[in-house]
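Residue-level structural notes
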Amino acid sequence: MQSDAATVDDYLAEVPEDRRQALATLRDLINQVAPDAHEQMKYGHPHWDLEGPLFSLASQKRHMSLYVDDDPLMATEGEALGTLTGVDVGKCCIRFRSLDRLPLDRVEALLAAAAAARR
């Protein structure tokens, strides 16, 4: 869902409750692994910059998405995550319907590696 929300808090307030909790959990995880990244609304959804685009979250019509702007990392670790969990992983995004389908420890390691590559 593309939003006109001014802040990430406003965006989260707009999404359905089940998705709000999942996206808030991922937001917290992103802010933990990349505390120096700049959180903002960009392109209608939550976005983090660190020396350029780094992460984004989105609530889509049929799923939620976590975008990781690190093509080489997503080609290896993202693909492994998809194979391991059966979650739909694209070139730069992880699409999921429920947070319980994502192994948060693997997601955290992926996010941390992407953030570390920018430092």
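Structure first, text after, so check above.
Report follows, based on the coordinates. As the structure is a computational prediction, the values presented were derived from the model and not from experiment. (Residues numbered from 1 in each chain as written. Predicted model: local features only at pLDDT ≥ 70, side-chain atom pairs only at ≥ 80, totals over all residues. Heavy atoms only, no water.)

Here the focus is the pattern of salt bridges. Evaluation of the coordinates by the stated rule reveals 6 salt bridges. Between Arg27 and Glu39 there is a salt bridge, and its shortest N-O distance comes to 2.8 Å. Highlighted residues: Arg27 in helix α2 (residues 17-33) and Glu39 in strand β1 (residues 38-42), separated in sequence by 12 residues. Classification of Arg27 as buried rests on a relative accessible area of 14%. The exposure class assigned to Glu39 is partly exposed, which follows from its relative accessible area of 26%. A salt bridge links Lys91 to Asp71; the nearest nitrogen and oxygen atoms lie 3.9 Å apart. (Salt bridge = Lys/Arg side-chain N within 4 Å of Asp/Glu carboxyl O. Helix = DSSP H or I, 4+ residues; strand = E, 2+ residues; numbered from the N terminus. Buried < 20%, exposed > 50% of the residue type's maximum accessible area, 1.4 Å probe, protein only.)

On to helix α4 (residues 104-116). Compared with the 18 Å implied by 1.5 Å per residue over 13 residues, the 18 Å span of α4 between its first and last C-alpha is a close match. Residues of α4 that are buried: Val107, Leu110, Leu111, Ala114 and Ala115. Along the axis of α4, the buried residues cluster in a sector spanning 130°; they form a single face. The secondary structure elements touched by the buried residues of α4 are α2, β3 (53-59), β4 (64-68), α3 (71-85) and β6 (93-96). (Expected span 1.5 Å × (residues − 1). Arc of directions from axis to C-beta. Contact = heavy atoms within 4.5 Å.)

Our focus in this paragraph is the sheet that holds β1. Here 6 strands make up an open sheet; going across it, the order is β1-β2-β3-β4-β6-β5 and the pairing antiparallel. Because the sheet does not close on itself, it has two edges, and the strands there are β1 and β5 (88-89). Relative to β6, β5 is paired through 2 bridges, and the arrangement is antiparallel. When the bridges of β6 are listed, Val89 appears paired with Ile94. (Pairing = 2+ DSSP bridges.)

Within the secondary structure layout, Glu108 lies in helix α4. Taking the C-alpha atoms as reference, Glu108 lies 19 Å from Ser59; in sequence the two are 49 residues apart. When residues no more than four places from it in sequence are discounted, the contact partners of Glu108 are Leu29 and Val33.

Here the focus is the packing of α2 against α4. For the pair α2 and α4, interaxial distance at closest approach is 9 Å and the crossing angle is 40°. Between α2 and α4, the crossing angle belongs to the class labelled oblique. Handedness of the crossing formed by α2 with α4: right-handed. Packed against α2, whose contacting residues are Thr25, Leu26, Leu29, Ile30 and Val33, the element α4 presents Leu104, Val107, Glu108, Leu111, Ala112 and Ala115 at the interface. (Axes fitted to C-alpha atoms, helices over the stretch in contact; angles between N-to-C directions. Parallel < 35°, antiparallel > 145°, perpendicular 65-115°, else oblique. Left-handed = near helix turned anticlockwise from the far one by under 90°.)

The phi torsion at Tyr43 lies on the positive side, around 60°, for a residue other than glycine. Turning to its location among the elements, Tyr43 is positioned in the loop between β1 and β2 (45-49). For Tyr43, a relative accessible area of 58% translates into the label exposed. Even without being glycine, Glu51 reaches a positive phi, approximately 60°. Within the element layout of this structure, Glu51 appears in the loop between β2 and β3.

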